[in-house]
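Residue-level listing of the chains:
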Amino acid sequence: MTQPIFDGHNDCLLKLHRGGPGAAARYRGGMPGHVDLPKAKSGGFAGGFYAMFVPDEGPMDWSVMRNAQYDLPLPPRVAQEAARAVVVEQAAILKELHDRGDLTICTDATTLRDTIDQGQQAAIMHLEGAEAIDPELQYLDTLYDLGLRSLGPVWSRPTIFGHGVPFRYPSDGDTGPGLTDAGFRLVERCAQMGIIVDLSHLNVAGFHDVATTGVPLVATHSNAHAICPHARNLTDDQLRMIGRTNGMVGLNFASAFLRPDGQMLPQGALEWMVRHLDHMIELAGEDHVGFGSDFDGAVVPEEIGSVAGLDALREAMVTHGYDDALMEKLCAGNWIALCERVWKPAPRITAS
C-alpha cells in the first residue's frame, strides 16, 4: 500500500487565485502546475497546509537563483488593506474546494487523521506572512473562525510583526532584528488559540524570539543549512531546538534549498532530499521531521515534477533504508501528532 504523503506547505491557492474565475473547476479537472485533484489522486497526496499568500506588486527576478551566488533585494511591506483583500479571496477558494467535496478543511486533529485515513484530501488553512492582520489582532479571530490553524508572521519581506530572511546564497539567517512588540503579541495569541506558528521565513533573531514564548518551534518548509548554506535553511542549533520543543520541520522540495550549490535547478536535487532528511532526523529526532514541499511555489526535483510524482521520493526513501515505521512518521504521522499537540479550542479574548 502506498504511504499517503501529507505536506507542510504548498502555494496552490496562489496559483488558483492568479488564474481568475473558475478556480475550483480547474482544481477538479486538472491544470498546469504541481497540485490539483487528479494529480493528488495519482500520487497518493493526502493534502497539506494550503498557504494564503499575498504576492508582491512587482515581479522578482527568480532567475538569479541559478547563479553561483545571489542576493535578491527584499520587496517592501504590503499594505494591510490590500493584503486582506487577497487573503479573503484565497480563503474563499479553499472554502469552495471544501464545499465541493474535493478536500476537507481540518480544524481539529481528529478530523485531520480521519480524513487522511479515509483516503481523502485534508487541508490546513495557513497564512504565509501576516500582513492582513492588524496590530490589535482582531482579524486573527476572524481568520480563526474561517478555519485558520497555522500562521507565519512573515514571508521574506518585513511586516509589522517581524523580519524575514532574504533569498541569499551563501548566507545564514542571521540577517537583522527579530520579532517586534506586535510580533510577540501575535505569537502569544496564537499560543492561546492553538494556532501553529511557522518560522520558515523568519530570521535567526526571530526564531530565538519565538523560542522564548514556549511554543513548539515549527518550520513548515525548511532544510538543513549544513548541507545547503542558504539563508532560508536551518542551522544545526535550530534543528536541535525544534526537537527539544516538540516541534516540526518539513523538508522543502525547492531545489535551491536542497542542492549544496544553492541553484534553483531541477537536475540532481532528488539525491539530496534523503541527505537533508538524515541530517534533520539526526538533530531534531525522527518524531519531528516531515515534508513541506513548497509545491506551486518553487522548482522541484525533475524526478518528482508534481504531486503525481511522489513515488520517486518514496522509492528514494525505501532504497535509502527507511523502514515502514519511519516512512509512516515522515509521510504523515508526525504532522498529525504536531496538530494534536498544538490545536485546542480557541478561548474568546476580550480587550482589557
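Thresholds applied
- Residues numbered from 1 in each chain as written.
- Predicted model: local features only at pLDDT ≥ 70, side-chain atom pairs only at ≥ 80, totals over all residues.
- Heavy atoms only, no water.
- Phe/Tyr/Trp six-rings, centres within 6.5 Å; stacked < 30°, edge-to-face > 60°.
- Helix = DSSP H or I, 4+ residues; strand = E, 2+ residues; numbered from the N terminus.
- Lys NZ or Arg CZ within 6 Å of the ring centre and 35° of its normal.
- Salt bridge = Lys/Arg side-chain N within 4 Å of Asp/Glu carboxyl O.
- Buried < 20%, exposed > 50% of the residue type's maximum accessible area, 1.4 Å probe, protein only.
- Contact = heavy atoms within 4.5 Å.
- pLDDT = per-residue confidence, 0-100.
- Core = buried A, V, L, I, M, F, W, Y, C linked by side-chain atoms within 4.5 Å.
- Pairing = 2+ DSSP bridges.
- Axes fitted to C-alpha atoms, helices over the stretch in contact; angles between N-to-C directions.
- Parallel < 35°, antiparallel > 145°, perpendicular 65-115°, else oblique.
- Left-handed = near helix turned anticlockwise from the far one by under 90°.
- Nonpolar A, V, L, I, M, F, W, Y, C, P; charged D, E, K, R; others polar.
- Disulfide = S-S within 2.5 Å.

Peer 1: I would appreciate a short explanation of the packing of aromatic side chains in the present structure.
Peer 2: The relation between two aromatic rings is expressed through the spacing of the ring centres and the mutual angle of the planes. Scanning all chains against the criterion turns up eight aromatic pairs. With centroids separated by 5.0 Å and ring planes inclined at 90°, the aromatic side chains of Trp 62 and Phe 167 adopt a geometry described as edge-to-face. Within this pair, whereas Trp 62 is found in the loop between strand S2 (45-52) and strand S3 (70-71), its partner Phe 167 is found in the loop between strand S6 (148-152) and strand S7 (168-169), the two being separated by 105 residues in sequence. Grouping aromatic residues by their ring pairs yields a cluster made of Phe 53, Trp 62, Trp 155 and Phe 167. Arg 149 extends its terminal NZ or CZ atom over the ring of Tyr 144, reaching a point 3.6 Å from the ring centre. Its end group placed over the ring of Trp 272, Arg 275 keeps NZ or CZ at 4.1 Å from the ring centre.

Peer 1: What should I look at first to understand unusual backbone geometry in this one?
Peer 2: A negative phi angle is the norm for most residues apart from glycine, just as the trans form is the norm for most peptide bonds. The step from Tyr 169 to Pro 170 runs through a cis peptide bond, and the omega angle for that step is -10°. Of note, Pro 170 is situated in the loop between S7 and helix H7 (181-193). Backbone geometry places Asn 246, a non-glycine residue, at a positive phi of 65°. Within the secondary structure, Asn 246 is located in the loop between helix H9 (236-244) and strand S10 (248-251). The backbone phi angle of Asp 294 is positive, close to 70°, even though this residue is not glycine. Looking at where Asp 294 falls in the secondary structure, it is placed in the loop between strand S11 (289-291) and helix H12 (311-320).

Peer 1: Help me understand the pattern of salt bridges in this model?
Peer 2: Close approach of charged atoms allows side chains with opposite charge to pair. Summed over the entire model, instances satisfying the criterion amount to 14 salt bridges. Taking the shortest distance from any N to any O, the salt bridge between Arg 157 and Asp 56 comes out at 2.7 Å. Of this pair, Arg 157 sits in the loop between S6 and S7 while Asp 56 sits in the loop between S2 and S3; the two residues are 101 residues apart in sequence, bridging distant segments of the chain. Just as Arg 157 is buried, Asp 56 falls in that class too. Residues Arg 113 and Glu 340 are paired through a salt bridge, measuring 2.9 Å at the closest nitrogen-oxygen approach. Linking Arg 113 in helix H5 (residues 109-117) with Glu 340 in helix H13 (residues 324-342), this pair joins segments that are 227 residues apart in sequence. Relative accessible area serves as the criterion here: at 32%, Arg 113 is assigned to the partly exposed category. A single salt-bridge network, built from bridges that share partners, covers Arg 28, Arg 100 and Asp 102.

Peer 1: What should I look at first to understand the environment of Ile 133 in this one?
Peer 2: Locating Ile 133 in the fold gives a position in the loop between strand S5 (122-128) and helix H6 (138-146). Looking at Ile 133, the relative accessible area reads 0%, which means it is buried. Among all residues touching Ile 133, those that are not within four sequence positions of it are Gln 80, Arg 84, Leu 127, Tyr 139, Leu 140, Leu 143, Leu 151, Ile 160, Phe 161 and Leu 186.

Peer 1: What exactly am I supposed to notice about the environment of Cys 106 here?
Peer 2: The residue Cys 106 is located in the loop between strand S4 (104-105) and H5 in this model. Sequence separation of Cys 106 and Phe 253 is 147 residues, and the distance between their C-alpha atoms is 24 Å. Residue contacts for Cys 106: discarding those within four places in its chain leaves Thr 111, Leu 112, Thr 115, Ala 122, Ala 123, Ile 124, Arg 149 and Trp 343.

Peer 1: Looking at this structure, I do not really get the confidence of the model for the chain. What am I missing?
Peer 2: In low-pLDDT segments, the atomic positions of the prediction should not be examined closely. Model confidence for the chain is summarised by a mean pLDDT of 95, while 97% of its residues fall at 70 or above. Counting contacts from residues 346-352, a segment whose pLDDT is below 50, to residues more than four positions away or on other chains yields eight contacts.

Peer 1: In this structure, what is going on with the nonpolar core? I would like to understand it.
Peer 2: Tyr 50, Ile 133, Phe 253, Phe 291 and Met 317 are the most contacted members of the largest nonpolar core, which has 90 residues in total. In this structure, Leu 112, Ile 196, Ala 332 and Cys 339 belong to the second largest nonpolar core, which totals 18 residues.

Peer 1: What am I meant to see in the pairing of S2 here?
Peer 2: Moving residue by residue along a regular strand, the side chains alternate between the two faces of the sheet. Burial runs high along S2: eight of the eight residues are buried. One ladder, built from six bridges, connects S2 with S5; its direction is parallel. By the bridge assignment for S5, Gly 48 is matched with Ala 123.

Peer 1: When you look at the packing of H5 against H13 in this model, what are you seeing that I'm missing?
Peer 2: A pair of packed helices can be characterised by two numbers: the angle between their axes and the separation between those axes. Close contact between H5 and H13 brings their axes to 9 Å; oriented N to C, the two are set at 160°. One way to sum up the angle between H5 and H13 is to call them roughly antiparallel. Considering the relative orientation of H5 and H13, their crossing is left-handed. Note on element contacts: H13 touches H5 through Ile 336, Cys 339 and Glu 340, opposite Ala 109, Leu 112, Arg 113 and Ile 116. Among the residues forming the contact of H5 with H13, the class breakdown is five nonpolar, no polar and two charged.

Peer 1: When you look at the state of the cysteines in this model, what are you seeing that I'm missing?
Peer 2: Enumeration according to the criterion identifies zero disulfides in this entry. Cys 12 forms no disulfide, and the closest cysteine sulfur to it belongs to Cys 106, at a distance of 16 Å. Among the residues examined, Cys 12 registers a relative accessible area of 0% and is labelled buried. No disulfide involves Cys 331; its nearest neighbouring cysteine sulfur is the one of Cys 339, lying 16 Å away.

Peer 1: How should I be thinking about the environment of Val 215 in this particular structure?
Peer 2: By the secondary structure assignment, Val 215 is in the loop between helix H8 (204-211) and strand S9 (218-219). Assessed through its relative accessible area of 10%, Val 215 is described here as buried. Once the C-alpha coordinates of Val 215 and Gln 192 are considered, the two residues, 23 residues apart in sequence, prove to be 9.8 Å apart. Filtering out sequence-adjacent residues up to four positions away, Val 215 remains in contact with Val 187, Ala 191, Val 210 and Thr 245.

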